[in-house]
Amino acid sequence: MASLPKLSTVVSWLLYLVPIYLFILDPLMRQIFPGSVSIYSDDADDLLPDDAPSGLNLNDSFICLEDGVPFSCPDAADGYRVHLLSREPLVMYLENFLSDAEADHLVNVSVDKYAPSIVTDGKTERLDSSIRLSDRALLDRDDTVRCLEDRARAFQGWRPHLYIERMWAQRYNASGHYRHHYDWSGSWARGGDRVSTFMVYLGADCTGGGTNFPRLSMPRGKQWCRFLECEGDDAEKKQGITFKPIKGNAIFWENLRPDGSGYPETWHAAYPVTSGTKVGLNIWSWYQPPRRGRKA
Ligand SMILES: O=C(O)CCC(=O)C(=O)O
Ligand SMILES: [Fe+2]
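Residues numbered from 1 in each chain as written. Chains lettered and ligands numbered in written order. Predicted model: local features only at pLDDT ≥ 70, side-chain atom pairs only at ≥ 80, totals over all residues.

Secondary structure summary: the protein chain contains three helices and 16 strands in total. Among the 296 residues that make up the protein chain, the fraction classed as buried is 31%. At a minimum sequence separation of 6, the contacts of the protein chain that also span at least 24 residues come to 80%. (Helix = DSSP H or I, 4+ residues; strand = E, 2+ residues; numbered from the N terminus. Buried ≥ 20, exposed ≤ 12 C-beta atoms within 10 Å, placed from the backbone. Contact = placed C-beta atoms within 7 Å.)

For the rest of this paragraph, the subject is the site of ligand 1. Every residue close to ligand 1 is listed here: Q170, Y178, D183, M199, T211, H268, A270, G280 and N282. A class-by-class count of the residues in the shell around ligand 1 yields three nonpolar, five polar and one charged. (Near = placed C-beta within 6 Å. Nonpolar A, V, L, I, M, F, W, Y, C, P; charged D, E, K, R; others polar.)

Counting residues in hydrophobic clusters, the biggest one holds 52 residues, and the most contacted among them are F198, V200, L202, A250, I251, L281 and I283. With eight residues, the single largest contributor to this core is strand 11 (residues 193-208). Residue contacts for L202: discarding those within four places in its chain leaves A103, L106, V107, A169, K247, V279, G280 and L281. (Core = buried A, V, L, I, M, F, W, Y, C linked by C-beta atoms within 7 Å.)

Considered domain by domain, the protein chain is made up of domain 1 (7-46) and domain 2 (81-287). Split by residue class, the side of domain 1 that touches domain 2 holds three nonpolar, two polar and no charged. (Domains from an automatic or database assignment.)

As summarised here, the arrangement of the five strands in space is 6-10-15-12-13, forming an open sheet in which the pairing is antiparallel. Two strands close off the open sheet at either side, each with one partner strand: strand 6 (132-133) and strand 13 (241-243). The pairing of strand 12 (residues 211-213) with strand 13 spans three bridges and is classified as antiparallel. Paired with T211 across the strands is F243, a residue of strand 13. (Pairing = 2+ DSSP bridges.)

Before going further, it helps to examine helix 2 (residues 100-110). Those residues of helix 2 that sit buried are E102, A103, L106 and S110. For helix 2, the buried positions fall inside an angular range of 100° around the axis, keeping them on one side. Facing away from the buried side of helix 2 by more than 90 degrees, the exposed set consists of D100, A101 and N108. Where helix 2 is buried, its residues contact strand 7 (135-138), helix 3 (143-155), strand 9 (168-172), strand 11 and strand 16 (273-287). (Arc of directions from axis to C-beta.)

Below, the discussion takes up the pairing of strand 14 (residues 250-254). Across the five residues that make up strand 14, a large majority, five, are buried. Residues of strand 14 alternate between two faces, with A250, F252 and E254 on one and I251 and W253 on the opposite face, all of them buried. When strand 11 meets strand 14, the two strands line up antiparallel, connected through five bridges. Across the sheet, T197 pairs through a bridge with W253, a residue of strand 14.

With omega at 0°, the peptide bond leading from E88 into P89 counts as cis. Positionally, P89 belongs in the loop between strand 1 (81-86) and strand 2 (91-95). Positioned with a positive phi, W158 is a non-glycine residue whose angle comes to about 50°. As for its placement among the helices and strands, W158 is situated in the loop between helix 3 and strand 8 (162-164). Positive phi values are uncommon outside glycine, yet S175 reaches one of about 75°. Relative to the assigned elements, S175 resides in the loop between strand 9 and strand 10 (177-181). Residue class for S175 comes out exposed when judged on the 12 C-beta atoms lying within 10 Å of it.

Right under this line is the structure:
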């Protein structure tokens, strides 16, 4: 009959096995199954492959670097109301995310800066009015913009490795639109991607121009009809949900799953403005973990 191993033998096996697991098996499994590590955990530092472009996007023409410039915000700056629309993907509606004064200010400072909006495939940029017909303006980082950067970071829990992109106002005149698209590009493993979007309405003196998500479902409560189109005669508008442009309000959604892949449910469009002018503001958050062994 086989005899049981002695306790001292079991203990010495463990002494070998624990370091083998910690230093060989676990790192190996993380390399083979990176999806098992979450971009929401501190382990995210390990995720970027060594050959990923380093610091590629971290310059101040693309993101808002922390430069220590002091700024002051209005007292009631964070007095907005949050309504949860979807948990997976996370979609929230932010009522009065900007005050009227803040929205008006951003509309006014962008007036002289507009140029036709471009579309990009990640490598080249071009004008294509069948996809996107609007003008856009890069906003200077004045007090209002810095307050918004701060608000957007606070809303996301001051998450490490998350950078607010430089902000663009976007203006649509009659027939202006943006066809269905994703804000994420699937580039997370190559160096970073847009982890979330705040789509803020700065000006809404228009008809049409709703923001449509064909793959999200209408929430139950009819209270949502304040913010969402509930009955439309246009058949296309009945697909999914369409947010009405309302000045100062914002839609927030997360673009990436915890494993870094993009949510297909975030497919969205700006429906054509049928009269008047709509002005939107994109606040995109870029997630870019530092390379292995290099802490931010
Ligand atoms: O203007 C809108 O409603 C949406 C804009 C948008 O999706 C974008 O600029 O990426
Ligand atoms: Fe978008």
